[in-house]
Amino acid sequence: MTEPHADGGRAQVLAADLTWTGAGFEAGVRVEIDAAGRIAALARRQPGAGDDAVGENLTRLPRRALLPGFVNAHSHAFQRGLRGLGETFPAAAGDFWSWREEMYALVARLYEERLYDLCLAAFREMRDAGITAVGEFHYLHHHDPDRLDFVFDEVVLAAAAAAPIRIVLLEVYYASGGIGRPLAGAQRRFATPSPDLYWRQMDHLAGRLAADGSQSLGAVAHSIRAATPAEIAALHAEARRRGLPFHMHVEEQRQEIDACRAAYGERPMALLLDGLEISDAFTAVHCTHTEPAHLERFVAAGGNVCVCPLTEANLGDGIPPLAAVAAARRRLCLGSDSNARISMLEEARWLEYAQRLAGERRGALRDDAGRVGPVLLAAATSGGARALGLDGGEIAAGRWADLVAVDLDHPSLAGAEADSLLDALLLGGADGALAASCVGGRWRQAGAQSGAQTDAQTGPEPAAANRPPRGEAG
Ligand code: ZN
């Protein structure tokens, strides 16, 4: 074990009834966490061996199963402020573009304190949903667009630190209000007028990240609507040079595809495939209307596909052609996007269910062994970590100790055994079964009203208290 970390971190060993180790849930596993908040090792207790290896750092987690913390690869936290709004539909006003007008009206009203409150609410709700890391696709930069102040960027970082949640600030380049059109109205708060200014702000932000390793940066071109192909290529090249993940909204809307073809003669994904060197550092968000042949090429090159099933359903976007491209199921990640609902369990099940409804067939995203659960879990964990460039998404040595403790006594999991627990949780589990989560080994009870964490020493449930299992958490 390393020495205690300057931020007060403390080495600990977790012994839950069950631990997800990649192939399945195992009993008798101890997760050793170092003082820097990373997993140092997994130790397996021999069956029948005495239970004498009790150290002062050992925390027993009875009736708990440990999963990797969920990774939310695509969020716009401020859009939490739209929940319940824009759900009344005057004649002919029920599409993505009418929703966008509601979103712009919210953007025009925001100021620092309100933005902070919305982000904090969204990030804490994510923690309650088992999400320990978020890729915040952040384009709302300026309080005063005339001054290009970028003050909102650090508001988001501060809210993430307070939640607390691990964050990859996906700083968005946004230069045009549509292909060939200047920014107008609320969009001016998104402005990054030149790649030069954008990278200067990235350099500034690099010096403003939390010192404990819980904050990092990624580069983004918002969409083909907001950046030209030349700008996208230049941004992507510089992101690669810096070793940063690169994200972009791709083919969420047919109108965007039509406008792109009219302007550039190609669909957005075709432009990317022909113009960029796609790798596992590239994440395309949505791909709702992507041609299967294009998707095939994209994932073969290593690209990640981020699907946001609840938002895509809420906005009436459509369903991406995942069942048609078998290789895509190994390159998936999930995002809560508009945060109209924050539940990674629901995102994961609707990733599969939308494909079932569209294809009139079950097991659309099954792996080679015919199992759906591991594919959905990977999308919710390791796939997101890959897309965000994080050492996370797995319970394995060297990864961040970002974990979720599942309550095995939760009513929604009654009847599940070790070999059916994953499917029971992903397809039928309530979020209340996610009793607590930790980021870098620091635990937070689900439903906690403040950012107060449980002491790192006691973990998600003090074993000594021998209290009755928690019921539905707030
Ligand atoms: Zn988005």
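Every value quoted in this text rests on a predicted model; they were computed, and no experiment measured them.

Peer 1: Which residues make up the coordination of the zinc ion, and what are the values?
Peer 2: Listed as protein donors to the zinc ion are His74 (NE2), His76 (NE2), His249 (NE2) and Asp337 (OD); their distances from the metal cover 2.1 to 2.6 Å. Taken together, the 4 donor atoms coordinating the zinc ion and their angles of 82 to 171° define a geometry best described as irregular. Each donor residue of the zinc ion belongs to the same chain, with the gaps between them written as H-x1-H-x172-H-x87-D. Here histidine 74 is found in strand 6 (residues 70-75), whereas its partner aspartate 337 is found in the loop between strand 13 (332-334) and helix 10 (344-359), with 263 residues between them in sequence.

Peer 1: Outline the sheet that holds strand 8 (residues 166-173), supporting the account with residue identities and numerical values.
Peer 2: Spatially, 8 strands are ordered 6-7-8-9-10-11-12-13 in an open sheet, and the strand pairing comes out parallel. The strands lining the two open edges of the sheet, one partner per strand, are strand 6 and strand 13. Each neighbouring strand pair of the sheet contributes to a mean axis angle of 25°, computed without reference to strand direction. Pairing between strand 12 (residues 304-307) and strand 13: 3 bridges, direction parallel. Residue pairing in the sheet places cysteine 306 in a bridge with cysteine 333 of strand 13. Sheet strands in contact with helix 8 (residues 292-300) are strand 11 (282-286) and strand 12, and its direction is about 120° off that of strand 12.

Peer 1: Describe the packing of aromatic side chains, with residues and values.
Peer 2: A complete count under the given rule lists 13 aromatic pairs for this structure. Measuring from ring centre to ring centre gives 5.8 Å for phenylalanine 96 and tryptophan 99, while their planes differ by 40°; the resulting arrangement is tilted. Highlighted residues: phenylalanine 96 and tryptophan 99, both in helix 1 (residues 96-109), separated by 3 residues, approximately one helical turn. Taken individually, phenylalanine 96 and tryptophan 99 each receive the classification buried, so the pair is uniform in this respect. An aromatic cluster of at least three residues, connected via ring pairs, comprises Phe78, Tyr104, Tyr139, Tyr174 and Phe190. Sitting over the ring of tryptophan 400, arginine 38 keeps its end group 4.0 Å from the ring centre. Over the ring of tryptophan 400 we find arginine 166, and its NZ or CZ is 4.1 Å from the ring centre.

Peer 1: Outline the domain arrangement of the chain, listing residues and values.
Peer 2: Examined at the domain level, the chain breaks down into domain 1 (12-68 + 395-473) and domain 2 (70-388). Summarising the inter-unit geometry, the C-alpha centres of domain 1 and domain 2 are found 30 Å apart. Taken together, the 33 residues of domain 1 in the interface contact 27 residues of domain 2. Across the domain 1/domain 2 interface, buried area totals approximately 2300 Å², and carbon plus sulfur atoms make up 55% of it. Contact with domain 2 buries area across many residues of domain 1, yet Leu426, Leu427 and Asp431 alone supply 27% of it, more than any other trio. Run the count over domain 1 and domain 2 and you get 3 salt bridges. For arginine 444, the salt bridge is made with aspartate 128, and the minimal N-O distance between the two is 2.9 Å. For the pair domain 1 and domain 2, the interface holds 10 residue pairs in polar contact (both at pLDDT 80 or more).

Rules of the game
- Residues numbered from 1 in each chain as written.
- Predicted model: local features only at pLDDT ≥ 70, side-chain atom pairs only at ≥ 80, totals over all residues.
- Heavy atoms only, no water.
- Donors = N, O, S within 2.8 Å, 3.2 Å for Na, K, Ca; no water.
- Tetrahedral: all angles 85-135°; square planar, octahedral: opposite > 155°, others 65-115°.
- Helix = DSSP H or I, 4+ residues; strand = E, 2+ residues; numbered from the N terminus.
- Pairing = 2+ DSSP bridges.
- Axes fitted to C-alpha atoms, helices over the stretch in contact; angles between N-to-C directions.
- Contact = heavy atoms within 4.5 Å.
- Phe/Tyr/Trp six-rings, centres within 6.5 Å; stacked < 30°, edge-to-face > 60°.
- Buried < 20%, exposed > 50% of the residue type's maximum accessible area, 1.4 Å probe, protein only.
- Lys NZ or Arg CZ within 6 Å of the ring centre and 35° of its normal.
- Domains from an automatic or database assignment.
- Buried area = accessible area lost by both parts, 1.4 Å probe.
- Salt bridge = Lys/Arg side-chain N within 4 Å of Asp/Glu carboxyl O.
- Polar contact = N/O pair within 3.5 Å; in protein donor to acceptor, adjacent residues only side chain to side chain.

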